[in-house]
Amino acid sequence: MTSDVVLSAAMRTNLLSLQSTQNSIDITQRNLGTGKKVNSALDGPQAFFASRALTNRAADLTKLLDSIGQSVQVIKAADTGVTALTSLVEQADSIASQAQEALAAGTAEAKVTGNKDLRNIDDLTDVPGLTAGVTLTLTATDADGDVIDPDPAGGVQTSITVAVAAGTSTNELITAINEIRDQADQSAVFEAKLDDKGQLSIRSLVSGGSFTVDFSGAADADKLAAANALGFGEIAKVTADGIAAAPNNVGFTATADVALKSHNFVKNDQGDVADRSTLLTALRTAEAPTSATLFDGISGENYTIAVNGGAAQNIALAATATVQEFVDAVNNNSTLNSKLEATFDEETGQISIRAIDASVESVQIGFAGSAIGDSANFGFGLTDLSAVAAGVAIEENIQLGSSAGQLAKLEQDFNKIRDQIDALVSNGDTGYRGTNLLNGNDLLTTFNEDRTSTIETKGVTFTSAGLGLDEANFSNAASVDGVISAVSDALSSVREFGSSLANDLSVIQTRQTFTNSLINTLKEGSDKLVNADQNEEGAKLLALQTRQSLGVTALSLASQSQQSILRLF
């Protein structure tokens, strides 16, 4: 076009050089401003996309790093729970061990202690309630329930009487009791003494044995007065002897056991162990399976049970009643079931009635038959519960082993620990953000972006049921041993899981550290591909600016030929 400006070759060359220099300056300034030498795929596609891949992987791993951190917190929460659980289970173990010691001490001997100070009494008949001729009749059995023959003169008898005569001192009464010997080996049967308060204490020297003390007198009141005078007024009870025309018995039975235990029952003359469905009318003792049954099944007969001398509760005995129905009748009685619990052991065929409240000290059992000779002699006490008259109750007062109340309290304490274990685990206290490794949840921790590297932390169910901790039953050595074994297994399980948690936590933390380092490596590699060297870019900018200045000067020199033409005008 005629309007186009015509530049000389030299000027055009210099102009192109300046334009190139300016482009380089622009790029260098952008590199300095952004800190990157590759800002888009146009700047270097290979470096740009390689850097982008490294950056994306670093971003993915950063997200995983957050997840790994949360996994660490889940395990830490579980580990805190394991620490608390360990403490609770150890506490349960301590309670079970106390129960074992208490049971061993309580069942080693039958013992009673009065509440009257009998020190320095030279004539017991001076004590109100004690008259000359009052007697104490003592009967002892061994751990198997066999009666000790106490007759030192020979022959066989089941009891021996210690009399209070005029001029009998406290020490003489104690000596008379201590002189009772087992005819079989002449060993002492009882130990009587005054404790540090002057109270009369009588205990059986037959390991695991029991004994009965009956007081004499013309009437019930006289017998109770004699028992009270010697300090046994709170223990001795009036129990019917089944003879309507005679005074009732006044006394007590002291057992070494902390529970009332029946005979070992069989259900036929072949000696097959009774089960829960066995009729009461079929029960026989394992020692005498061919003997008559222990209950004849007459309708309207009742077994009676009372606690601490309270109102007797009737347990109806029907001809069609089974062992389980008898047990249920005791456990469903609203007066008894807060104090006592009946159980049946199908391995031994034995019914047990045990204290479940610390206040239980004595249990009164009885039987009311419909005719002479009727019986329901389950073997809980020493008295033969056979009716001697229709409708007349035969009763026995049994003082439980000294540790019965303590064991009931320990059972309550143990069950509280079970409740706390359930509360700790089931309520989510040991969980973190909905994941509770101690209540059956599993935890999957992923270590790489394509999810091919993981670790799974398997959860457990550490409720009381999951740990195998049933409600406490400290009624006998076998049940206590079972509780101790269960607690030991639970403690081992908790500790083993704690060790497993520690191992998984160590692995996860190692991978957490590795992932963090890898992210830094990836970011560093990405930066090396696209980041600009600020020193280099600054030097380049200075050189380009110098080149630009020189270019401008060169362009000025190139234009001087045209300026010479201008001088012609």
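Up top is the structure.
What counts, and at which threshold
Residues numbered from 1 in each chain as written. Predicted model: local features only at pLDDT ≥ 70, side-chain atom pairs only at ≥ 80, totals over all residues. Heavy atoms only, no water. Helix = DSSP H or I, 4+ residues; strand = E, 2+ residues; numbered from the N terminus. Buried < 20%, exposed > 50% of the residue type's maximum accessible area, 1.4 Å probe, protein only. Contact = heavy atoms within 4.5 Å. Areas by Shrake-Rupley, 256 points an atom, 1.4 Å probe, with all protein chains shown as cover. Arc of directions from axis to C-beta. Polar contact = N/O pair within 3.5 Å; in protein donor to acceptor, adjacent residues only side chain to side chain. Salt bridge = Lys/Arg side-chain N within 4 Å of Asp/Glu carboxyl O. Pairing = 2+ DSSP bridges. Phe/Tyr/Trp six-rings, centres within 6.5 Å; stacked < 30°, edge-to-face > 60°.

## What to know about the overall build of the protein chain
In terms of helices and strands, the protein chain carries 9 helices and 18 strands. Looking at the 569 residues of the protein chain, the share that counts as buried comes to 42%. Of the contacts made within the protein chain by residues no fewer than 6 positions apart, 66% connect residues no fewer than 24 positions apart. Of the roughly 27,300 Å² of accessible surface on the protein chain, 49% is carried by carbon and sulfur atoms.

## Some words on helix α5 (residues 323–331)
Within α5 the residues assigned to the buried category are Val 323, Phe 326, Val 327 and Val 330. The buried residues of α5 occupy an angular sector of 95 degrees when the element is viewed end-on, so they sit on one face. In this structure, the buried side of α5 is in contact with β11 (301–307), β12 (313–317), β13 (340–345) and β14 (350–355).

## Thoughts on the side chain of Asn 268
With respect to the helices and strands, the residue Asn 268 is situated in the loop between β9 (259–266) and β10 (284–285). Residue classification places Asn 268 among the buried residues on the basis of a relative accessible area of 17%. A distance of 3.0 Å separates a polar atom in the side chain of Asn 268 from the backbone nitrogen of Gln 270. Contact partners of Asn 268, with chain neighbours within four places excluded, come to Ala 282, Arg 284 and Pro 289.

## Here's the deal with the pattern of salt bridges
Counted according to the given criterion, the structure contains 11 salt bridges. Across the pair Arg 57 and Glu 449 runs a salt bridge whose closest N-O atoms are separated by 2.8 Å. Here Arg 57, found in helix α2 (residues 45–108), pairs with Glu 449, found in the loop between β17 (443–446) and β18 (454–457); they are 392 residues apart in sequence, far enough to count as distant. A relative accessible area of 33% means that Arg 57 is categorised as partly exposed. One salt-bridge network, in which partners are shared between bridges, spans Glu 341, Arg 354 and Glu 411.

## Some details on the sheet that holds β9
If you walk across this open sheet you meet the 4 strands as β10-β9-β14-β13, and the pairing is antiparallel. In this open sheet, the two strands that pair with only one neighbour each are β10 and β13. Pairing of β9 with β10, which is carried by 2 bridges, proceeds in the antiparallel orientation. From the neighbouring strand, Val 266 faces β10, where its bridge partner is Arg 284.

## Looking at the pairing of strand β15 (residues 362–368)
Side-chain positions along a regular strand alternate between the two faces of the sheet. By the criterion of burial, β15 is predominantly enclosed, with 7 of the 7 residues buried. For β11 and β15, the ladder comprises 6 bridges, and the chain directions are antiparallel. Within the sheet, the bridge partner assigned to Ile 305 lies in β15 and is Ile 365.

## What about the packing of aromatic side chains?
Under the criterion given, the structure shown has 12 aromatic pairs. The interplanar angle of 80 degrees and the centroid separation of 6.3 Å between the aromatic rings of Phe 265 and Phe 378 together place this pair among those described as edge-to-face. Remark: Phe 378 occurs in the loop between β15 and β16 (393–399) and Phe 265 occurs in strand β9; sequence separation between them is 113 residues. On the basis of relative accessibility, which here comes to 1%, the residue Phe 265 falls in the buried class. Given the relative accessible area of 1%, Phe 378 is considered buried. Aromatic ring contacts, followed pair by pair, group Phe 265, Tyr 303, Phe 326, Phe 378 and Phe 380 into a single cluster.

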